[in-house]
Amino acid sequence: MTRPATHFRKPMTLLDPSVVWSTFVAVVVLVTPGLLIAGAASIRGIALVALAAPLTIATVGVVGVLSEFVGVWFGWWSVLVLALVAAIATRLLMRKRTPPAWARGSSHDALVLSAGALVALIVVGVIAYRDTPVGAISQTYDAVFHLNAAASILDTGRASSLELYRLTNPDSASIDFYPAAWHSLVALTSQIALVPVATATGAVWIAVAGALWTPGVVLLTRAVVGRHALPGWRLLIPVALSTCFAAFPYLLLSWGTLYPTGLATALLPAGLALLWFAVPLNRVAFARGVLPAFRRSVYPASLLLVWVVAAVFAHPRTLITFVALAVPLAVLVIVLASQGLRRAGRRRSAMAVVAIPIAAVVIAVAAAGVILVRAYDLVNDPISNRLTGGPATAHQDLLASAIQVLTAAPLSAPGDLPLPPAILLAAAVLAGAVLAFRSRRALPVVLGVLVMGVLYCLAAGSNDDLAKILTAAWYKDKYRLISVLPLLSIPLIVLTLEWLRRGIRHGPRIAAAALAATVLLSWFGPTLSVMSEQIGRTFALPQSEKAGTLIDADEIALLEQVASIVPADQRVLSNPWDGSSLVWAIGHREPVFPHLVGVWGADRDIVATRLDEAGTSPDVCEALDNLRVRYVIADPEKLWGGTDPQAALYAGIDRAVASATLVPVLTEGSTVLYRIDACGPLL
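Given the structure is predicted, the values throughout are model-derived calculations rather than measurements.

K.L.:
Let's hear about the layout of surface pockets: which residues, and what values?
P.N.:
Space inside the second largest pocket adds up to approximately 1,200 Å³. Of the residues forming the lining of the second largest pocket, the biggest block, five residues, is contributed by helix H12 (residues 298–314). Grouping the constituent residues of the lining of the second largest pocket by class yields 29 nonpolar, seven polar and seven charged.

What follows is the structure in structure tokens.
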């Protein structure tokens, strides 16, 4: 497949035509398949806008697996074909069924939300990329894999989540799973818009914020506070608020950069909204028994199953967060069911509806504990020896962490920098939390905030074993945990505004003024301003001196020229810690090591550790022949200054470069492309 030319040295602002075009394409890619399926299911109104992207992500993930299974090249045509098939099947199933009221909104609501989402997309793009070009490369460990994974899909047509892990485990004979939805969306955007992978990556992040995160937040807010609070143009209230929190959709750009986790987090609001719609939240519903109470749950539950598929292909660990946030709602439903059954004289059923879930939870926790102890050998290697480095290490106390939660000002990367407090935003959330105790539907949201807030405090403020145990499912990563709080906070702010509007004199004017002040102070205040600076630092591109970063402009300039020298059927060898493994995403040539670490297999281990023996050890030349390698890229500066012990695994490459046995072919600054002549030409 022909890939677009790469031009990283020219800064690309949001108004650059290629950025506008690629973002438009990313939105189309993200919503079109889902709109076909949702429309066939007779979903209308805000539900149509909010569920389009989750349905697309599920479709893209399934197409990736199926295309690998049947041997079909993954591309926009394969996604469109499956979407049409799914839409036809859905239409046949829904011919005589009417969607519930929450899924039958008006076209006016859909248009208002769509227009609002477009504005939110622009706002997020301006804030997130204020200090960095949209096509810049994240100077982080994870960026190498995510950019190269998208490039691999473009070049190989393989987008299966059951195969993507082979980028770092190429000789494995087993089947493993790594979610490929993010990388597939980036590849499709790059393919259709004819833009480089890095530009498509920025475009998809902006599109996800506008077309997935914002509509999902609106749907969740309506599920929590009710239709009466968000009629007509008031739908734009949660739209505006969805752009105001540093924790999401901005923070994960500066840390990681955790692209799949960002996609999965943006999915959460829609999934939680479907859960809220699926459960009965009044005692009367249980008067005739448990099963009759859930008779209207089939439709949202069916959509929720599709959402789960999307979540798995985005990042399956988000399901742990989903379960943690669902627990308070489940407890409320159990309490309501028990009360309703007792009032109806069904005392045995009332006892069972409490006892069975408790027993199931106890058994599940015990079984999970046994499995984890055995799987991770926690008897001989206890939890105290784990989660001891990187983001898992706490550098502050619990009080400081709690203040960050209460002031909507989390730590940010790089450098664990505390953000300035967002006082007005935080005050609106706290007021909504107090008001939520009067609302049965909103109470679980407050408990969810409490759960995630406590987990963040433990991750950011404690290195105790208990903190590690409770946050291990999130790698004890404070950034992943705090990024969930905005989706719970926005419905609480809407409760505050609704109370102002209806509960005091001149309420509508005061509520409007409070909303405007909150949004404007968030957009132009210090919290998001510092957040933009932090993102800019993460993506900053040095001209020639890396100073511990991954890549510089000189190296990019060389990588852009590699395809004119290295034949298309050859791989390129390098120490990936010097940034040159990004040759796949930038230079359109596959690297021997597409990530910084992996289980590489015999041939790759030989060239990594013994390349300097080429010409004297036949097995080194044999490994180079097997891998189809005759070119090496090298730069003396490594990520984090080369201090990570894992960079030493490629010492043979560094020794070969230092020994002057390789032939320089191209030089840009300190980056050099070498040719290996010691093994003769490739046959």
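K.L.:
Kindly report on the packing of helix H3 (residues 76–93) against helix H6 (residues 181–193), identifying the contributing residues and their values.
P.N.:
Between H3 and H6, the least distance of the axes is 10 Å, while the angle of their chain directions is 115 degrees. Relative to H6, the element H3 lies roughly perpendicular. Contact residues: Trp76, Trp77 and Val79 in H3; Leu188, Gln191 and Ile192 in H6. Partitioning the contact of H3 with H6 into residue classes produces five nonpolar, one polar and no charged.

K.L.:
Quick one: what's the story with the state of the cysteines, residue by residue and with numbers?
P.N.:
Tallying each qualifying case throughout the model produces one disulfide. Residue pairing for cysteine 621: its cysteine sulfur links by disulfide to cysteine 679, the two sulfurs lying 1.9 Å apart. On the sign convention where negative means left-handed, the S-S torsion of about -75 degrees between cysteine 621 and cysteine 679 marks this disulfide as left-handed. Of the two residues, cysteine 621 sits in helix H26 (residues 618–627) while cysteine 679 sits in the segment after strand S6 (671–675), which places them 58 residues apart along the sequence. Here cysteine 621 falls in the buried class, since its relative accessible area comes to 13%. What makes cysteine 679 buried here is its relative accessible area of 15%.

K.L.:
A description of the packing of helix H7 (residues 197–225) against helix H20 (residues 485–503) should follow, citing residues and the corresponding values.
P.N.:
Contact geometry of H7 with H20 gives a least axis separation of 9 Å together with a crossing angle of 50 degrees. One element, H7, and the other, H20, form an angle in the oblique class. Along this stretch, H7 crosses H20, giving a crossing that reads as right-handed. For the pair H7 and H20, contact is made by Trp213, Val217, Leu220, Thr221, Val224 and Val225 and by Pro486, Leu487, Ile490, Pro491, Val494 and Leu495, respectively. The residue inventory of the contact of H7 with H20, partitioned by class, reads 11 nonpolar, one polar and no charged.

K.L.:
Describe the packing of aromatic side chains, and please don't skip the residues or the numbers.
P.N.:
As enumerated under the stated definition, the model contains 19 aromatic pairs in all. For the ring pair tryptophan 577 and tryptophan 640, a centre distance of 5.7 Å and an interplane angle of 65 degrees mean the geometry is edge-to-face. One end of the pair, tryptophan 577, is in the loop between strand S3 (571–574) and helix H24 (583–587); the other, tryptophan 640, is in the loop between strand S4 (629–634) and helix H27 (651–658), and 63 residues separate them in sequence. Residue tryptophan 577 is classed as buried on the basis of its relative accessible area, which comes to 0%. These aromatic residues form a ring-pair network of at least three members: Trp102, Phe277 and Tyr299.

K.L.:
Which residues make up unusual backbone geometry, and what values go with them?
P.N.:
For the peptide bond that leads from phenylalanine 248 to proline 249, omega is 15 degrees, which places it in the cis range. With omega at 0 degrees, the peptide bond leading from alanine 413 into proline 414 counts as cis. Secondary-structure assignment places proline 414 in the loop between strand S1 (411–412) and strand S2 (417–418). Within the chain, arginine 628 stands out as a residue other than glycine whose phi angle is a positive 55 degrees. In this structure, arginine 628 sits in the loop between H26 and S4.

About the criteria used
- Residues numbered from 1 in each chain as written.
- Predicted model: local features only at pLDDT ≥ 70, side-chain atom pairs only at ≥ 80, totals over all residues.
- Heavy atoms only, no water.
- 1 Å grid on protein atoms, 1.4 Å probe; cavity = no way out; pocket = protein on both sides within 12 Å on 5 of 7 lines; lining within 4 Å.
- Points joined across faces, edges and corners; volume = space filled by probe spheres on them.
- Helix = DSSP H or I, 4+ residues; strand = E, 2+ residues; numbered from the N terminus.
- Nonpolar A, V, L, I, M, F, W, Y, C, P; charged D, E, K, R; others polar.
- Axes fitted to C-alpha atoms, helices over the stretch in contact; angles between N-to-C directions.
- Parallel < 35°, antiparallel > 145°, perpendicular 65-115°, else oblique.
- Contact = heavy atoms within 4.5 Å.
- Disulfide = S-S within 2.5 Å.
- Buried < 20%, exposed > 50% of the residue type's maximum accessible area, 1.4 Å probe, protein only.
- Left-handed = near helix turned anticlockwise from the far one by under 90°.
- Phe/Tyr/Trp six-rings, centres within 6.5 Å; stacked < 30°, edge-to-face > 60°.

None of this, on its own, says anything about what the molecule does.
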